[in-house]
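The lines below spell out each chain.
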Amino acid sequence: MIGIVDYGLGNLTSVAGAVEKVGFEPIVTAEANVLESADKLILPGVGAFGDGMANLEERNLAGPLSDLVVGQGKPILGICLGFQLIGQGSEEFGEHKGLGWIDARVERFAPDDPDLRVPHVGWNELYQVGDSILFDDVPDQSLFYYVHSYKMVSANTDLVIGECDYGGRFISAVGKANIHATQFHPEKSQSHGLTLLRNFLEKG
């Protein structure tokens with residue numbers, strides 16, 4: 001069983017559908033005890049960082065998730081806002097503290113080319129810059145689907161497994177032991193996205 005964390009933000013239906021499509025049983029839940037019984041977790045999300053953390057706290061999920069992921073080593077895949085929430089914090093609409101699972105923070109997206117629009121929406125290459133089980137059978141520079149106005153930054157290059165170029169390189173995927181996360185949406189990225197999702201569910 002794959003636990004999809006429901007904290008009131010994100011397209012949970014599309015994530016659950018993608019999990020089913022690659023042959024696994026999803027359960028969308030806000031119950032910590034159900035997440036504890038899951039084999040692996042997915043933390044999706046679309047929206048503002050502060051709202052995401054507030055919702056996790058209000059539903060009493062932030063602490064139990066940290067216990068499961070950091071304390072017990074349960075595998076997790078963060079997607080889009082879920083990717084950002086695992087860091088130390090964000091400057092989106094003020095300073096907000098994150099889950100703090102990795103040494104990274106979230107800053108406003110400011111492409112070098114002023115003609116590039118923010119939010120960054122659409123298909124862009126994923127440059128594989130680190131080894132990861134996520135990338136098995138996924139060719140380097142495959143296209144993935146992005147929707148975001150903020151980006152992750154980190155001085156810890158060991159975390160970074162994927163980058164994208166949109167007016168300059170930025171971090172688009174990270175990996176640390178049982179923690180995996182992508183700025184892009186695997187569930188919206190057609191065959192390569194489903195392959196990456198299957199890799200996590202089978203091998204992560």
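Provided above is the structure to which this section pertains.
Below: a short report on this structure. (Residues numbered from 1 in each chain as written. Predicted model: local features only at pLDDT ≥ 70, side-chain atom pairs only at ≥ 80, totals over all residues. Heavy atoms only, no water.)

### Remarks on the packing of helix α1 (residues 12–21) against helix α6 (residues 190–203)
It is at 10 Å that the axes of α1 and α6 come closest, and there the two elements cross at 75°. By the angle between their axes, α1 is roughly perpendicular relative to α6. The segment α1 lies against α6, with A18, V19 and K21 engaging L194, L197 and L201. Across the contact of α1 with α6, the residue classes tally to 5 nonpolar, no polar and 1 charged. (Axes fitted to C-alpha atoms, helices over the stretch in contact; angles between N-to-C directions. Helix = DSSP H or I, 4+ residues; strand = E, 2+ residues; numbered from the N terminus. Parallel < 35°, antiparallel > 145°, perpendicular 65-115°, else oblique. Contact = heavy atoms within 4.5 Å. Nonpolar A, V, L, I, M, F, W, Y, C, P; charged D, E, K, R; others polar.)

### A short note on α1
What α1 keeps buried is the set L12, V15, A16, A18 and V19. Within α1, the buried residues cover an arc of 160° as seen down the axis, which keeps them to one side. For α1, the exposed residues lying more than 90 degrees away from the buried face are T13, E20 and K21. Of the surrounding elements, those touching the buried residues of α1 are β1 (2–5), β2 (26–29), β3 (40–43) and α6. At the exit of α1 stands G23, carrying a positive phi of roughly 95°. (Buried < 20%, exposed > 50% of the residue type's maximum accessible area, 1.4 Å probe, protein only. Arc of directions from axis to C-beta.)

### Remarks on helix α3 (residues 49–58)
Within α3 the residues assigned to the buried category are F49, G50, G52, M53, N55 and L56. If you follow the buried residues of α3, they end up packed against β1, α4 (62–71), α5 (81–85), β5 (89–90), β6 (96–97) and β7 (105–108). Positive phi appears at N60, one or two residues downstream of α3, with a value of about 55°.

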